[in-house]
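Structural overview
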2 protein chains.
Amino acid sequence: MRVAVLGTGVVGKTIADRLAGLGHEVIVGTRDPEATLMVEETDRMGNPPMKRWLEEHPAIQLRTLPDAAAGAEMIVNATNGAGSVEALRSAGASNLAGKVLMDIANPLDFSRGMPPSLSVVNTDSLAEQIQREFPTALVVKTLNTTNASVMVQPETVHGGDHTMFLCGDDVGAKATVRTVLESFGWTDIIDLADITAARGSEMILPIWLRLMGALNTAAFNFNVVR
Amino acid sequence: MRVAVLGTGVVGKTIADRLAGLGHEVIVGTRDPEATLMVEETDRMGNPPMKRWLEEHPAIQLRTLPDAAAGAEMIVNATNGAGSVEALRSAGASNLAGKVLMDIANPLDFSRGMPPSLSVVNTDSLAEQIQREFPTALVVKTLNTTNASVMVQPETVHGGDHTMFLCGDDVGAKATVRTVLESFGWTDIIDLADITAARGSEMILPIWLRLMGALNTAAFNFNVVR
């Protein structure tokens, strides 16, 4: 599948790497590729700057947001939640139309100190904002409830025996996303129903952040036992 | 321990029954005992009306909110979240002072339809509202993340291998609550830190409600695997 991963942060790099490793044709989208290539610092997880990262991942291309989205069959929103809607506007509504849009971002608000609160909450969610803004995109919310490395390698925690959520309005898009999640190694995938259920999965973030503090690691996840 | 359980709904009855079974002296508090005894309907979980329930639980007494709280060493807030602060005011600030106040309520807002949203959310929580209103009470948030029967009998789900959260500002009060939780059968109890962490545990409710819909049961819980 040709996949556009929008966002060059830790999550974008991690998911792009994993998708490419699974044989997908991956194009990473960023607002300004030249500026992205000028960055010289490693990211907070120790990934090299984008220029060197691309040299180490020769199968992955870097393009502008609209160029990345234009040819893609599936689009992954791995941009900063605070700027996701704006980034997707830059990618172009027509480039999203009719496509699976896997939204894995969280609407975190760091303006009030740590831990962050949510900028969209309770009776709305980032995924719903995106769905409203791009009504013909097939938005599926998933993967936002774990850290980047657990997203793509669930077996690194508790042998993979834990739960991933998804939700969205389009049954076919959810089936596509489920297949991708299964290829990552997820075995317990719960469909929470329509896109409004993203309120629930996004509102997990506050306890996730507290748990990271209490457990002193991001290598954990929720296993829904029943 | 002498425990006042405030609230006569499913949660109040369930936790009162369990505490009495463990040998605690339990007094259930309600705004108007006479009115509570007049109710003739069974509750939504099939529990008999309070009058018959009390006949079946002769060790448990029913009193007004202040009478229940006055003699208690520990107080459990099992009132409806929307009315908790008001109910605790009725119980009397002086009757809460210096005591462990186990807050197990959720600030659910049913006014916008089902599933309910939260009436306090994101940068505040019901537990914090209670702590601010009663600064000398030793508020500990816990048990609000499961249904009533799982709260008191965790072994009924997945052999009890799942997680309970607690948080609060007073270390001693948290130790007391931890002992009570252990007596219920909880083995994985994570201290999320101070009372502001209740934002996280209360914001679990939206996904809990979606999961109840997706799984068609309330007999589930989150196991934090790491």
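Since the model is a prediction, treat every value here as computed from it, not as a measurement. (Residues numbered from 1 in each chain as written. Chains lettered and ligands numbered in written order. Predicted model: local features only at pLDDT ≥ 70, side-chain atom pairs only at ≥ 80, totals over all residues.)

Attention now moves to the overall build of chain A. Looking only at helices and strands, chain A has 11 helices and 11 strands in total. For 226 residues, the compact-globule estimate of 2.2 N^0.38 gives 17 Å, and the C-alpha radius of gyration of chain A, at 16 Å, lies within 12% of that figure. Dimensions along the principal axes, computed over C-alpha positions, put chain A at roughly 45 × 35 × 35 Å. The contacts of chain A with a sequence gap of at least 6 include a subset with a gap of at least 24, amounting to 74%. (Helix = DSSP H or I, 4+ residues; strand = E, 2+ residues; numbered from the N terminus. Rg over C-alpha atoms; globule rule 2.2 N^0.38 Å. Contact = placed C-beta atoms within 7 Å.)

Further remarks concern the interface of chain A and chain B. In this assembly, 36 residues from chain A lie in contact with 36 residues from chain B. Where the side of chain A that touches chain B is concerned, the elements lending two or more residues are β7 (117-118), β10 (188-191), α10 (198-202), α11 (205-215) and β11 (221-225) of chain A. If one sorts the elements of the side of chain A that touches chain B by residue count, α11 of chain A sits on top with seven residues. Of the residues that constitute the side of chain A that touches chain B, the class distribution is 19 nonpolar, 11 polar and six charged. (Nonpolar A, V, L, I, M, F, W, Y, C, P; charged D, E, K, R; others polar.)

Bringing the relation of the copies chain A and chain B into the picture now. Superposing chain A onto chain B requires a rotation of 180° together with a translation of 0.0 Å along the rotation axis, leaving an RMSD of 0.0 Å. Viewed as a symmetry operation, the transformation between the two copies matches a two-fold axis. Looking at the rotation axis and the C-alpha trace of chain A, the residue lying nearest is N223 of chain A, at 2.4 Å. Same-surface contact between copies: 100% of interface residues of chain A are shared with the interface of chain B. (Least-squares fit on C-alpha atoms with pLDDT ≥ 70 in both.)

Among the residues of helix α11 (residues 205-215) of chain B, L205, P206, I207, W208, L209, R210 and L211 of chain B are the ones counted as buried. At its buried positions, α11 of chain B is contacted by β10, α10 and β11 of chain A together with β6 (108-109), β7 (117-118) and α10 (198-202) of chain B. (Buried ≥ 20, exposed ≤ 12 C-beta atoms within 10 Å, placed from the backbone.)

What links the strands of a sheet is backbone hydrogen bonding, and the strands pair in either a parallel or an antiparallel sense. All names here are of chain A. The strand order β3-β2-β1-β4-β5-β8-β9-β10 describes an open sheet built from eight strands, whose pairing is mixed. Only two strands of the sheet have a single neighbouring strand rather than two, namely β3 (61-64) and β10. If you compare each strand with its neighbour and ignore which way they point, the axes differ by 25° on average. (Pairing = 2+ DSSP bridges. Axes fitted to C-alpha atoms, helices over the stretch in contact; angles between N-to-C directions.)

Attention now goes to the sheet that holds strand β3 (residues 61-64) of chain B. Residue and element names in this part refer to chain B. One open sheet accounts for eight strands, arranged β3-β2-β1-β4-β5-β8-β9-β10; its pairing is mixed. The open sheet has two edge strands, β3 and β10 (188-191), and neither has a second partner. On average, adjacent strands in this sheet sit at an angle of 25° to one another, irrespective of strand direction.

This part covers the packing of helix α5 (residues 84-91) of chain A against helix α7 (residues 126-133) of chain A. A packed helix pair is summarised by two numbers, namely the angle formed by the two axes and the spacing between the axes. Residues and elements named next belong to chain A. Two elements in contact, α5 and α7, have axes separated by 10 Å at closest approach and are oriented at 30°. Taken together, the axes of α5 and α7 lie roughly parallel to each other. When you trace α5 past α7, the crossing you get is right-handed. Of the residues in α7, those in contact with S84, V85 and L88 of α5 are L126, Q129, I130 and E133. Considering only residue class, the contact of α5 with α7 consists of four nonpolar, two polar and one charged. (Parallel < 35°, antiparallel > 145°, perpendicular 65-115°, else oblique. Left-handed = near helix turned anticlockwise from the far one by under 90°.)

Turning our eyes to something else, we now look at the environment of M38 of chain B. Residue and element names in this part refer to chain B. Its place among the elements puts M38 in helix α2 (residues 33-38). By C-beta crowding, M38 is classed as exposed, having 11 other C-beta atoms within 10 Å. Sequence separation between M38 and K51 is 13 residues; the distance between their C-alpha atoms is 7.5 Å.

Residue and element names in this part refer to chain B. Burial runs high along strand β1 (residues 2-6): four of the five residues are buried. Summarising the sheet, β1 and strand β2 (residues 25-30) pair through five bridges and their orientation is parallel. Bridge pairing in β2 links V3 to V26. On the question of chirality, the crossover connecting β1 to the parallel β2 by way of helix α1 (residues 10-21) is right-handed. Pairing geometry for β1 and strand β4 (residues 74-77), over four bridges, is parallel. Within β4, the position partnered with V5 by the bridge is V76. (Right-handed = clockwise from strand over helix to strand, strands pointing away.)

A few words on α1 of chain B. Residues and elements named next belong to chain B. A rise of 1.5 Å per residue sets the reference length of α1, with its 12 residues, at 16 Å; its end C-alpha atoms lie 16 Å apart and thus fit the reference within 8%. Along α1, nine of the 12 residues are buried, which leaves the element largely enclosed by surrounding structure. Taken residue by residue, α1 has V11, G12, K13, T14, I15, A16, D17, R18 and L19 as its buried positions. Looking at the residues trailing α1, positive phi occurs at G23, about 95°. (Expected span 1.5 Å × (residues − 1).)

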